[in-house]
Amino acid sequence: MRPRLLRVGDAVRFDERLHTVAALEGTTVRLVDENGSASVVLLPHLLASDGFVVVTAASPRMTVPAAGVLEGLPGKAVERAEWWQRHLVELLTGRPAHAPDGPVRPEYDPAVKSLRQRELAKAAELAEAGTAVSLTVLQDMRARFEREGVLGLVDPRLRTAPDSTGRADRRVVEALRRVVDDQTGRSTVSAQVLRRRMERLVEAEHGPGVPLPSRATFYRLLSAVTSGRHTLGSARTRRSLAKQPDGMFGQLTAVRPGEVMEIDSTPLDVLVVHDDGTVDTVELTGVVDIATRTLAAAVLRPSTKAVDAALLLARAMTPEPMRPGWADALRMSRSVLPHASLMALDERLAKAAAVPVITPETIVCDRGKAYLSDTFRTACRSLGLDFQPCHPDTPTDKPRGSYCASLG
């Protein structure tokens, strides 16, 4: 009688050889024989073949492990996992793992015995053989085997990928991680301050008996835990990095100039002489077009005001005139821009510099005061722009604007 269902993990006899069903995709079946050779067969052809029979039906929840899943693990752990696998396969299928086409053992026959009866029989068999295993442990191992395959039979501590903290006390490492996490929103402090905080936290939670790392070991652990987090650097950078999402939610694609533009401001780490003679820093505010990656307009100000941001939008839409002293090579007429055809649209382009004129459709900004002000919002409305502020504390909503502003 032909089986009505074929599952991944079934042991089948086909073409006078024993195979394991490795995958089912539509009407195709991927088989792996005893020598590890793989083949793909159409399901109707497989079921209609002479001599085809399901030798061992897999558990509906059993996981077929990937080849080499136990590579790199300690030898004793692999030996123990394979020992468990042999007993659990027998418990679930009724047949010994080394003889999948052999007779079903009566005490493990799934057609006659319930799962609990088979578990009790296996626990009694192991106890009689000198390896006492409680029913709770047996049930837990069986559930892990069905869920994860043979890898689930390995001690979870051995399966955890090693990190750069080495063999350091886990209590110390966990306390240091918590101290570093708590430092994200605080002002930057020295490494010694973090060390004292870690030591106090370890003592408060585990008592004074926990061995603490030496100064050199602590710095090595701190370097491993704070990698890429800027814990000992700029607090502003650290907080910005902490706001990054774990993964990309989506990708915005602009197909024409001006469809989406981003505006952002950043302080420049230079000193300049202002109009009143004072020496101080300045801020660079720029508008970047997403489709062409063009910095359409930029302005330097002691601090960016709402009116500066509004005028910047107008500058992006207005031809930049040539200034005294500029070389003729900077003229739009000397550039690759279609100057002749653009002249018919705006006569000011005759004496314009080679700066593209881009009319924004959507402007993306952060939640700075200058951009959320009524002045900037009114300017966007009067120019017919779609005003799109970023989500709170989400600098990744306008990554190109932030990057281009920082280039200044």
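From a predicted model like this one, the values you see are computed outputs, not experimental measurements. (Residues numbered from 1 in each chain as written. Predicted model: local features only at pLDDT ≥ 70, side-chain atom pairs only at ≥ 80, totals over all residues. Heavy atoms only, no water.)

A. Region of the structure containing the pairing of strand S1 (residues 11-14). Note: S1 against strand S2 (residues 17-25), four bridges, orientation antiparallel. By the bridge assignment, Ala11 is partnered in S2 with Thr20. Linking S1 to S2, which pair antiparallel, is a turn of two residues; within it Asp15 sits at a positive phi near 60°. (Pairing = 2+ DSSP bridges. Helix = DSSP H or I, 4+ residues; strand = E, 2+ residues; numbered from the N terminus.)

B. Examining unusual backbone geometry more closely. Of note in the backbone geometry, Glu16 takes a positive phi value of approximately 60° without being a glycine. Relative to the helices and strands, Glu16 is located in the loop between S1 and S2. Even without being a glycine, His230 presents a positive backbone phi close to 60°. Mapped onto the elements, His230 comes out in the loop between helix H8 (215-225) and helix H9 (235-242).

C. Structural view of a nonpolar patch on the surface. Where nonpolar side chains cluster on the molecular surface, the patch consists of Leu271, Val273 and Val279 and spans about 330 Å² of accessible area. Inspection of the secondary structure puts Val273 in strand S7 (residues 272-273). The class for Val273 is exposed, based on a relative accessible area of 62%. (Patch = residues over 30% accessible without salt bridge, like charges linked within 9 Å, V, L, I, M, F, W, Y side chains within 5 Å. Areas by Shrake-Rupley, 256 points an atom, 1.4 Å probe, with all protein chains shown as cover. Salt bridge = Lys/Arg side-chain N within 4 Å of Asp/Glu carboxyl O. Buried < 20%, exposed > 50% of the residue type's maximum accessible area, 1.4 Å probe, protein only.)

D. Region of the structure containing helix H4 (residues 135-148). Helix length check: H4, at 14 residues, gives a terminal C-alpha distance of 20 Å against a target of 20 Å (1.5 Å per residue), a fit within 8%. For H4, the full list of buried residues reads Leu138, Met141, Arg142, Arg144, Phe145 and Glu146. Directly after H4, the chain includes Gly149, whose backbone phi takes a positive value near 80°. (Expected span 1.5 Å × (residues − 1).)

E. Molecular detail of the pairing of strand S11 (residues 362-365). Residues Thr362 and Val364 point to one face of S11 and Ile363 and Cys365 to the other, with burial holding for every one of them. Where strand S6 (residues 261-267) meets S11, two bridges bridge the pair, whose relative direction is parallel. By the bridge assignment for S11, Met261 is matched with Ile363. Relative to strand S12 (residues 386-389), S11 is paired through four bridges, and the arrangement is parallel. Directly across from Cys365, in S12, lies its bridge partner Pro389.

F. Seen up close, the confidence of the model for the protein chain. For the protein chain, mean pLDDT is 82; residues scoring 70 or higher make up 87% of the total. Note that pLDDT drops below 50 for residues 60-64; the model gives that stretch 15 contacts with residues more than four away or on any other chain. (pLDDT = per-residue confidence, 0-100. Contact = heavy atoms within 4.5 Å.)

G. Spatial organisation of the nonpolar core. Counting 20 residues, the largest nonpolar core has Leu70, Trp84, Leu88, Leu138, Phe145, Leu153 and Val154 as its most contacted members. Looking at this core, the elements that each hand over two or more residues are helix H2 (75-93), helix H3 (115-128) and H4. Tallying contributions element by element places H2 first for this core, with nine residues. For Trp84, the contacting residues outside a window of four places in its chain are Val133, Val137, Leu138, Met141 and Leu153. Residues Val287, Ala296, Leu312 and Ala316 belong to the second largest nonpolar core, which totals 18 residues. (Core = buried A, V, L, I, M, F, W, Y, C linked by side-chain atoms within 4.5 Å.)

H. Summary view of the sheet that holds S6. The five strands lie next to each other as S10-S9-S6-S11-S12, forming an open sheet whose pairing is mixed. The open sheet has two free edges, formed respectively by strand S10 (294-301) and S12, since each of these has just one partner strand. Between one strand axis and the next, the sheet turns through 20° on average, direction left out of account. The sheet contacts of helix H10 (residues 306-316) involve S6, strand S9 (283-289), S10 and S11, and relative to S10 the element is tilted by about 145°. (Axes fitted to C-alpha atoms, helices over the stretch in contact; angles between N-to-C directions.)

I. Spotlight on the pattern of salt bridges. Counted according to the given criterion, the structure contains 22 salt bridges. Across the salt bridge formed by Asp140 and Arg144, the nearest N and O atoms sit 3.4 Å from each other. With Asp140 and Arg144 both in helix H4 and four residues apart, this pair spans about one turn of that helix. Judged by relative accessible area, Asp140 falls into the partly exposed class, the value being 38%. With a closest N to O distance of 2.8 Å, Glu361 and Arg256 form a salt bridge. Of this pair, Glu361 sits in the loop between helix H11 (339-343) and S11 while Arg256 sits in the loop between H9 and S6; the two residues are 105 residues apart in sequence, bridging distant segments of the chain.

J. Seen up close, the packing of aromatic side chains. In this structure the tally under the stated criterion is four aromatic pairs. Ring geometry for Tyr371 and Phe376: centres 5.6 Å apart, planes at 70°, overall edge-to-face. The exposure class of Tyr371 is buried, given its relative accessible area of 3%. Arranged with centres 6.0 Å apart and planes meeting at 65°, the rings of Phe376 and Phe387 form a pair that is edge-to-face. (Phe/Tyr/Trp six-rings, centres within 6.5 Å; stacked < 30°, edge-to-face > 60°.)

K. Broad picture of the environment of Val32. Within the secondary structure, Val32 sits in strand S3 (residues 28-33). Classification of Val32 as partly exposed rests on a relative accessible area of 24%. Here the alpha-carbon distance between Val32 and Leu18, two residues 14 residues apart in the chain, equals 8.6 Å. With residues near it in sequence (within four places) discarded, Val32 still touches Leu18, His19, Thr20, Ala22, Ser37 and Ala38.

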